Amino acid sequence: MCNLYILLLADLRLYVVLQMMNGNIWSVSDPEGLRETVMLALQFQVQHVTPVSGASSDLYRLSPIPNFNGLHVLLVDGDDTNRAVTHKLLEKLGCRVFSVSSGIQCMTSFAGGESSFQLVLLDLTMHTMDGFEVALAIRKFRSNSWPPLIVALAASSDDNVRDRCQRSGINGLLQKPVTLAALGDELYRVLQHN
Amino acid sequence: MVPEMGYLDEQFNQLEELQDESSPNFVEEVVALFLKDSPRLLSNIEQTIGKYPQDFYRLDSLVHQLKGSGSSIGAVRMKNECSVFKAHCNDRNLEGCRRSLQKMKREHATLKQKLESYFQLLRQVGPREHAVNSRK
């Protein structure tokens with residue numbers, strides 16, 4: 001039996017490494033030969049396919065991922081791609097997530113009242129309703145439960161943005177693109193402080 | 001075939017890390033969302049460039065969107081070209097915007113082709129074993 005490793009570098013280069021039973025290792029990175037190599041690989045038992053970063057530094061966090069134990073989060077983001085990624089990141093952090101794509105839907109979700117959101121993750125670059133307006137509207141919304149915490153997602157986290165966030169009653173700010181580590185850290189920080 | 005500079009950065013690795021049993025096609029689904037929206041944005045940008053009087057505010061807003069979704073899937077070359085475009089908007093340099101748009105369209109086409117080949121290859125090699133990170 002042989003072990004086949006297919007390594008995908010972050011820049012989409014593919015290396016195929018075949019380790020024979022006697023320990024010999026063959027590697028192929030020739031694009032022309034790649035198709036033939038992959039066909040050959042199908043005859044062997046594929047053990048492992050691992051994405052490998054092109055950079056030398058370790059891009060994978062070794063510290064554990066925090067778990068927010070079903071924290072009820074409302075995600076507001078008008079971009080389909082970003083919303084899908086952030087939704088998954090939140091789930092990975094153990095959150096219970098409901099996603100909407102506009103400020104209007106966000107307010108409707110609040111008015112719906114059935115489930116209370118503990119935290120709102122709000123993208124500031126929306127088009128139908130300005131993100132800061134949404135934050136202010138959430139703050140004004142009267143309900144029996146505590147007002148939820150609001151964390152904003154923005155392309156920039158400069159002083160201007162931070163100022164406006166503070167004035168809109170926003171508790172936290174994350175710069176895009178969001179990583180699992182940064183999201184976990186900021187949620188933790190905001191929850192600790194409140 | 002092998003480019004000098006990578007087309008995808010560590011954000012793409014993160015997508016692969018997020019893929020699991022509950023969403024086994026997550027990466028492909030997210031990429032599909034991006035490839036659905038981005039042509040429309042590029043087309044809107046093209047139309048807006050052609051308008052008179054020039055609307056750099058709208059152009060910037062459109063490219064900002066494209067930059068945002070591109071960067072969340074790790075499309076680093078597209079993201080960088082969007083930054084160049086935004087700088088041209090800031091300078092109100094329409095010709096610069098035009099040139100940048102052509103580059104963005106080329107980058108987009110190449111990225112799309114590479115991603116589609118990648119997913120095709122994964123399907124051939126093994127539907128269950130792809131993109132599993134050994135380091136937990």
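Residues numbered from 1 in each chain as written. Chains lettered and ligands numbered in written order. Predicted model: local features only at pLDDT ≥ 70, side-chain atom pairs only at ≥ 80, totals over all residues. Heavy atoms only, no water.

In this section: the UniProt feature "domain: HPt" (unreviewed entry) in chain B. The feature "domain: HPt" (unreviewed entry), as given by UniProt, occupies residues 23–118 of chain B in the numbering adopted here. As a span, residues 23–118 of chain B carries 85% helix and 0% strand, and end to end its C-alpha atoms are 18 Å apart. (UniProt positions renumbered as here; feature names shortened; annotations may be inferred. Helix = DSSP H or I, 4+ residues; strand = E, 2+ residues; numbered from the N terminus.)

Quick look at the pairing of strand β8 (residues 149–154) of chain A now. Residues and elements named next belong to chain A. For β8, the tally of buried residues reaches six of six residues, placing the bulk of the element in the interior. Because side chains alternate across β8, one face comprises the buried residues Leu149, Val151 and Leu153, and the other comprises Ile150, Ala152 and Ala154, equally buried. Relative to β8, strand β7 (residues 119–123) runs parallel, the two sharing five bridges. In the strand pairing of β8, Val120 is matched with Ile150. Crossover handedness for the path β8 to helix α5 (residues 159–167) to strand β9 (residues 172–175): right-handed. (Buried < 20%, exposed > 50% of the residue type's maximum accessible area, 1.4 Å probe, protein only. Pairing = 2+ DSSP bridges. Right-handed = clockwise from strand over helix to strand, strands pointing away.)

A few words now on the packing of aromatic side chains. Residues and elements named next belong to chain A. What the rule picks out here adds up to three aromatic pairs over all chains. Taking the centre distance of 6.3 Å and the plane angle of 25 degrees together, the rings of Phe98 and Phe117 count as stacked. Pair noted here: Phe98 is in strand β6 (residues 96–100) and Phe117 is in the loop between α3 (103–112) and β7, with a separation of 19 residues, a long-range link. A residue is classified by how much of its surface remains accessible, and Phe117, at 8% relative accessible area, is buried. (Phe/Tyr/Trp six-rings, centres within 6.5 Å; stacked < 30°, edge-to-face > 60°.)

Where helix α2 (residues 80–92) of chain A contacts helix α3 (residues 56–72) of chain B, the axes come no closer than 8 Å and their chain directions differ by 35 degrees. Relative to α3(B), the crossing made by α2(A) is left-handed. Residues A:Thr81, A:Asn82 and A:Val85 of α2(A) pack against B:Gly68, B:Ser69 and B:Ser72 of α3(B). In terms of residue class, the contact of α2(A) with α3(B) is built from one nonpolar, five polar and no charged. (Axes fitted to C-alpha atoms, helices over the stretch in contact; angles between N-to-C directions. Left-handed = near helix turned anticlockwise from the far one by under 90°. Contact = heavy atoms within 4.5 Å. Nonpolar A, V, L, I, M, F, W, Y, C, P; charged D, E, K, R; others polar.)

A few words on the environment of A:Asn171. Residues and elements named next belong to chain A. Looking at the secondary structure, you find Asn171 in the loop between α5 and β9. C-alpha separation for the pair Asn171 and Ala181, spaced 10 residues apart in sequence, amounts to 18 Å. Setting aside residues no more than four positions away along its own chain, Asn171 makes contact with Arg139, Pro148, Leu149, Ile150, Arg189, Val190 and Asn194.

Mapped onto this structure's residue numbering, the UniProt feature "modified residue: Phosphohistidine" (unreviewed entry) falls at B:His64. Topologically, B:His64 is positioned in helix α3. Judged by its relative accessible area of 23%, B:His64 falls in the partly exposed class. Not counting residues within four places of it along the chain, the set of residues in contact with B:His64 comprises A:Thr125, A:Ala155 and B:Lys86.

Residues and elements named next belong to chain A. As summarised here, the arrangement of the five strands in space is β6-β5-β7-β8-β9, forming an open sheet in which the pairing is parallel. Whereas interior strands pair on both sides, the edge strands pair on one side only; in this sheet they are β6 and β9. Adjacent strand axes in the sheet meet at a mean angle of 20 degrees when their direction is disregarded. Summarising the sheet, β8 and β9 pair through four bridges and their orientation is parallel. Its bridge partner being in β9, Val151 is matched across the sheet by Gly172.

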